[in-house]
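Geometric and topological summary
For reference, the chains in residue letters:
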Amino acid sequence: MKSAADGRWVAWTLWTALCVGGCGSTVTSTDASGVDAIPSSDQGVVAVDAGSPIDAPAPMDVVEVEDASVREDADEPLPTDAGVNPASDRPDVMMADVPGAACASATLVRDGDVLMGQAFGGTSSVPSCNGSFARVSPTRWYRATVPADGVLEVTVPDGQGSAVELSALESCEATTCLAGTRGGRELGPLVFHNGASSARTVFVAVINLARVPAPLTVAVRIRGASANSTCAAATPLVEGITLRGQDLGLSAENAVNCYDPSDRGVPALFYTVTVPPRTALLARALRTSTAASVLYSYVRPACGEPGCLATAFTRLFSSGEAIGQFNNASDAPRSVSVAIGSAPEFARPVVDVTATFRALPANARCNAPITLTSGIAARLEHPEDATDATPRCPGASDVPPRAMYYDIVVPAGQTLTAGLSSALDGHSPYGFVRLFTGCGGVCLASSSAELSSSRALYVNANPVAQRVLIAAGSARTDRSPPLELRATLRPTSANLDCAGAVALSPASPARDIDLLEAHDPDPCGGTGGPVLYYAVAVPAGATLTVQGGVAPARGGPSISLLGGCGGVCLAQSRPTGEATSSLVYSNRGADRSLIVAVGTGAYPADPATPVNVSVRVE
């Protein structure tokens, strides 16, 4: 059965539909007490219920209520405003006579009231709820009685939020606020929770910041706080069971911001769940109402304990699902608290809350790696299920990300290349790879730039085989896409040093050069990175042109030209961010055999991208 408050909200919807075609204006008379009287139907106001036909223009400022048989205080005057009707011979009502123009004459409102066309009378100085100074602006005052543990919610739902602020005070003489909202693109509700053991009267100021204040619609809800509106009264979550219709507007406590504990946090409802050993908890909040608010899902230790275990949030106007994931990496169950909240500056939505479990993979632990076969891809279905953090590697990020673990044996004289790619589109901008001698061992290599490069390379120059532990994953811990890891073994290139320079000629360009192999520094010095060596013959009087390219364009490689191994630096070309780089050398002497060193420089090419080098001799 629908409540009387539901009836009032339905009536407001009907009035809104009427006014799409244009609302008329009326004048109400004022009785001896100074409060607007209810105009009769022949003055342009029609009493509306769900079954009544509507054949008269709507007034500028009316309140939709249930009939006197339902409303206990129906004998009190209704909070309607005076309007202006040029065709009427009734006297106009001055702005100062508008009910609620001053705090002392604040209009009494109750749960379910929807007051349309609310005009503004004189100005008031209202204590600041959202800044450092009091607001002196056209203001409309209301008063409401909020029961013990009740929640008062006042909204201005007609799209004029950018010109309005709302403030709640405990009395007309109060100098501090109980609650407030700041105007913005979407004005969120003013929400006040009465945590006292008895009812309280609250005064609400609707402050219009516009130069010419337009009439507004004001809606009121007064409801009891949700049973799980505090962490101490959190609702147990059972795995796989969805708690539907969780109204975040009935929160009484803010959840501390996981990113900034000094922040005021977000209004939230609270839950508890026990996570089995070696299991991932996914705390899901799905927005089901039309309120477009940012959702948060925080997973924390038990109530009262500091810290944050996991956090997730939606983007505004997104699909509306926030999934906070906590991985219980221990061998014992763990009880945690979950806070589902929404940004306080927007209307608070209704959500469905669900806890689901997922068993953590064995290789989420360093001591249980999966052995890889060269050239065969391994799929990381849920990179976010990783539990063990990787040790630091020189040049890698300071905060070691959590990883999945694999291993492979690299024979002597072989090179291991381990690379990640997205299982969806091949691109993995947040993927990382680190190579170690073992758990807690020496770092052999890491992906060069952990937000852009997902390849690491190790050259086994030892006379015996080397077992390599591979830590791979995503630097994004929130809902990472599936990844594929591929480890490839091949003979180590001969041109890692100048003595093994590979012949380069116009007929035999070097293709798909893997600069991850390079380790000797650029012989021309400066800021050049490590290089690989190539030999080219240049006849007397000839001009040599060397060109290097990267595809896709991420900045061409650096190119250095030497008179020979250990010879002088003849020319150098630094990458400039273009797709190619080149240099030109004119041989004015006898026939010469020169060395071309290809590597990265001050504006490095992505070393995870193969490079092509060609020469022209004219």
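A few points on the structure. Keep in mind the model is a prediction, meaning the values are calculated, not measured.

Quick look at the overall build of the protein chain
The number of helices and strands found in the protein chain is one helix and 40 strands. Considering the protein chain as a whole, with its 618 residues, one finds that 49% of them fall into the buried category. Considering only residue pairs separated by 6 or more positions, the protein chain has 74% of its internal contacts joining residues 24 or more positions apart. Taken as a whole, the protein chain presents about 27500 Å² of accessible surface, with 54% of it coming from carbon and sulfur.

So, the state of the cysteines
Enumeration according to the criterion identifies seven disulfides in this entry. Two residues, Cys366 and Cys439, share a disulfide whose sulfurs are 2.0 Å apart. The S-S bond linking Cys366 to Cys439 shows a torsion near -115°; that makes this disulfide left-handed. In this pair, Cys366 sits in the loop between strand E21 (350-359) and strand E22 (370-371) while Cys439 sits in the loop between strand E26 (431-436) and strand E27 (443-446), placing the two residues 73 residues apart along the sequence. Two residues share a disulfide in this structure: Cys393 and Cys443, whose sulfurs sit 1.9 Å from each other. Because the torsion about its S-S bond is 105°, the bridge between Cys393 and Cys443 counts as right-handed. Here Cys393, found in the loop between strand E23 (377-380) and strand E24 (404-410), pairs with Cys443, found in strand E27; they are 50 residues apart in sequence, far enough to count as distant.

Overview of the pattern of salt bridges
Applying the stated criterion to the full structure yields 15 salt bridges. Here Glu517 ties to Arg490 by a salt bridge, and the two come within 3.2 Å at their closest N and O atoms. Within this pair, whereas Glu517 is found in the loop between strand E32 (510-513) and strand E33 (520-521), its partner Arg490 is found in strand E30 (residues 483-491), the two being separated by 27 residues in sequence. Ionic contacts of the salt-bridge type, sharing partners, join the residues Arg455, Arg490, Asp514 and Glu517 into one network.

Points about the packing of aromatic side chains
Here the structure, examined in full by the defined rule, presents one aromatic pair. Each ring, one from Tyr296 and one from Tyr298, has its centre 5.7 Å from the other, and the planes form 50°; the classification is tilted. Tyr298 carries the same exposure label as Tyr296, and that label is buried.

Some details on the sheet that holds E32
As a general point, the strands of a sheet are linked pairwise by backbone hydrogen bonds and lie either parallel or antiparallel. One open sheet holds the four strands; their spatial order is E32-E40-E35-E38, and the pairing between them is antiparallel. The sheet is open, and its two borders are formed by E32 and strand E38 (580-586), each paired with just one other strand. For this sheet, the mean angle separating the axes of adjacent strands, direction not counted, is 15°. Both strand E35 (residues 543-550) and E38 contribute to a ladder of seven bridges, which runs antiparallel. Looking across to E38, one finds that Thr543 is bridged to Ser586.

Regarding the side chain of Thr354
Here Thr354 is to be found in strand E21. Assessed through its relative accessible area of 12%, Thr354 is described here as buried. Among the polar contacts made by the side chain of Thr354, one reaches the side chain of Thr242 at a distance of 2.8 Å.

Regarding unusual backbone geometry
Even without being glycine, Asp149 reaches a positive phi, approximately 60°. Residue position: Asp149 is located in the loop between strand E5 (135-146) and strand E6 (150-155).

Notes on the sheet that holds strand E19 (residues 321-328)
Taken together, the four strands give an open sheet; going across it, the order is E13-E21-E16-E19, and neighbouring strands pair in antiparallel fashion. Whereas interior strands pair on both sides, the edge strands pair on one side only; in this sheet they are strand E13 (243-247) and E19. Neighbour-to-neighbour, the strand axes of the sheet open up by a mean angle of 25°, direction not taken into account. Two elements, strand E16 (residues 279-287) and E21, share nine bridges in a ladder whose sense is antiparallel. Of the residues in E21, the one forming a bridge with Arg287 is Val351.

With respect to the environment of Ser125
Turning to its location among the elements, Ser125 is positioned in strand E4 (residues 123-126). Judged by its relative accessible area of 52%, Ser125 is exposed. Along the sequence, Ser125 and Arg135 sit ten residues apart, while their C-alpha atoms lie 5.5 Å from each other.

Some details on the nonpolar core
Core analysis: the biggest nonpolar cluster contains 25 residues, and Ile513, Tyr534, Leu544, Val546, Leu561 and Val596 have the highest contact counts within it. When contributions to this core are tallied by element, the ones reaching two or more residues are E32, strand E34 (530-538), E35, strand E36 (558-562), E38, strand E39 (592-599) and strand E40 (611-617). Looking at this core, the element that brings in the most residues is E34, giving four residues. The residues contacting Val546, other than those within four sequence positions of it, are Ile559, Ser581, Ser582, Leu583, Val596, Val613, Ser614 and Val615. Of all hydrophobic cores here, the second largest spans 23 residues; its members include Leu372, Ala386, Ile470 and Ala487.

About the thresholds
- Residues numbered from 1 in each chain as written.
- Predicted model: local features only at pLDDT ≥ 70, side-chain atom pairs only at ≥ 80, totals over all residues.
- Heavy atoms only, no water.
- Helix = DSSP H or I, 4+ residues; strand = E, 2+ residues; numbered from the N terminus.
- Buried < 20%, exposed > 50% of the residue type's maximum accessible area, 1.4 Å probe, protein only.
- Contact = heavy atoms within 4.5 Å.
- Areas by Shrake-Rupley, 256 points an atom, 1.4 Å probe, with all protein chains shown as cover.
- Disulfide = S-S within 2.5 Å.
- Salt bridge = Lys/Arg side-chain N within 4 Å of Asp/Glu carboxyl O.
- Phe/Tyr/Trp six-rings, centres within 6.5 Å; stacked < 30°, edge-to-face > 60°.
- Pairing = 2+ DSSP bridges.
- Axes fitted to C-alpha atoms, helices over the stretch in contact; angles between N-to-C directions.
- Polar contact = N/O pair within 3.5 Å; in protein donor to acceptor, adjacent residues only side chain to side chain.
- Core = buried A, V, L, I, M, F, W, Y, C linked by side-chain atoms within 4.5 Å.

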